[in-house]
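Chain residues, written in single-letter form:
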Amino acid sequence: QVHLQESGGGLVQAGGSLKLSCAASGSTLNTYAMGWFRQAPGKERDFVAAIASTNATWYHGSVRGRFTISRDNGKNTMFLQMSNLKPEDTAVYYCASDPTFATIVGGRSAYWGQGIQVIVSS
């Protein structure tokens with residue numbers, strides 16, 4: 001069983017930065033891919049970024065160049081550094097983990113965190 005817990009959300013002005021963390025537990029987590037998704041009010045949950053156990057990464061086009069995903073396998077933690085934030089980045093952000101990198105990039109995941117709110121004011 002994998003348990004995921006997000007932290008670091010909050011309110012930030014447009015153009016600002018915020019760093020999300022995802023603390024994970026699970027015996028095989030270091031071999032799992034991890035990722036971030038987000039769900040804006042009234043919209044479906046969308047893929048944001050993914051990182052493989054090899055540290056290969058993939059980003060949605062809307063955040064590429066502004067967001068950076070990383071992981072610390074020794075601490076079972078994943079991060080999302082968000083810069084140059086825009087009001088359209090406002091959403092609940094979810095941490096995800098799956099044995100397969102392609103599954104997360106494809107928009108699905110076996111395990112999910114409960115989500116954390118990010119609000120970007122204009």
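Overview of the structure. (Residues numbered from 1 in each chain as written. Predicted model: local features only at pLDDT ≥ 70, side-chain atom pairs only at ≥ 80, totals over all residues. Heavy atoms only, no water.)

**Observations concerning the overall build of the protein**
Consideration 1: When you go through the protein residue by residue, the secondary structure sums to one helix and 11 strands.
Consideration 2: Ordering the α and β elements of the protein from the N terminus gives β-β-β-β-β-β-β-β-β-α-β-β.
Consideration 3: Across its three principal axes, the protein shows a C-alpha extent of roughly 40 × 25 × 25 Å.
Consideration 4: Put simply, the protein has 122 residues, and 44% of those count as buried.
Consideration 5: The contacts in the protein between residues at least 6 apart in sequence include a share of 58% that link residues at least 24 apart.
Consideration 6: For the protein, the exposed area adds up to about 6,000 Å²; of that, 48% sits on carbon and sulfur atoms. (Helix = DSSP H or I, 4+ residues; strand = E, 2+ residues; numbered from the N terminus. Buried < 20%, exposed > 50% of the residue type's maximum accessible area, 1.4 Å probe, protein only. Contact = heavy atoms within 4.5 Å. Areas by Shrake-Rupley, 256 points an atom, 1.4 Å probe, with all protein chains shown as cover.)

**Regarding the state of the cysteines**
Consideration 1: Enumeration over the complete set of coordinates arrives at one disulfide.
Consideration 2: Put simply, Cys22 and Cys95 are joined by a disulfide, and their sulfur atoms are 1.9 Å apart. The S-S bond linking Cys22 to Cys95 shows a torsion near -70°; that makes this disulfide left-handed. Separated by 73 residues along the polypeptide, Cys22 in strand β3 (residues 18-25) and Cys95 in strand β9 (residues 91-98) bring together distant segments of the chain. (Disulfide = S-S within 2.5 Å.)

**Notes on the pairing of strand β7 (residues 67-72)**
Consideration 1: In β7, alternate side chains face the same way, and those of Phe67, Ile69 and Arg71 are buried while those of Thr68, Ser70 and Asp72 on the opposite face are not.
Consideration 2: Sheet topology note: the β7/strand β8 (residues 77-82) ladder contains six bridges and is antiparallel. Note that in β8 the partner of Phe67 across the bridge is Met82.
Consideration 3: In textbook terms, the turn of a hairpin is the stretch between consecutive antiparallel strands, and for β7 and β8 this stretch comprises four residues, one of which, Asn76, has a positive phi near 50°. (Pairing = 2+ DSSP bridges.)

**So, the side chain of Arg38**
Consideration 1: The residue Arg38 is located in strand β4 (residues 33-39) in this model.
Consideration 2: In this structure the side chain of Arg38 is engaged in a polar contact, spanning 2.9 Å, whose partner is the side chain of Tyr93.
Consideration 3: Setting aside chain neighbours within four positions, we find Arg38 in contact with Glu44, Arg45, Asp46, Val48, Ser62, Val63, Phe67, Glu88, Asp89, Ala91, Val92 and Tyr93. (Polar contact = N/O pair within 3.5 Å; in protein donor to acceptor, adjacent residues only side chain to side chain.)

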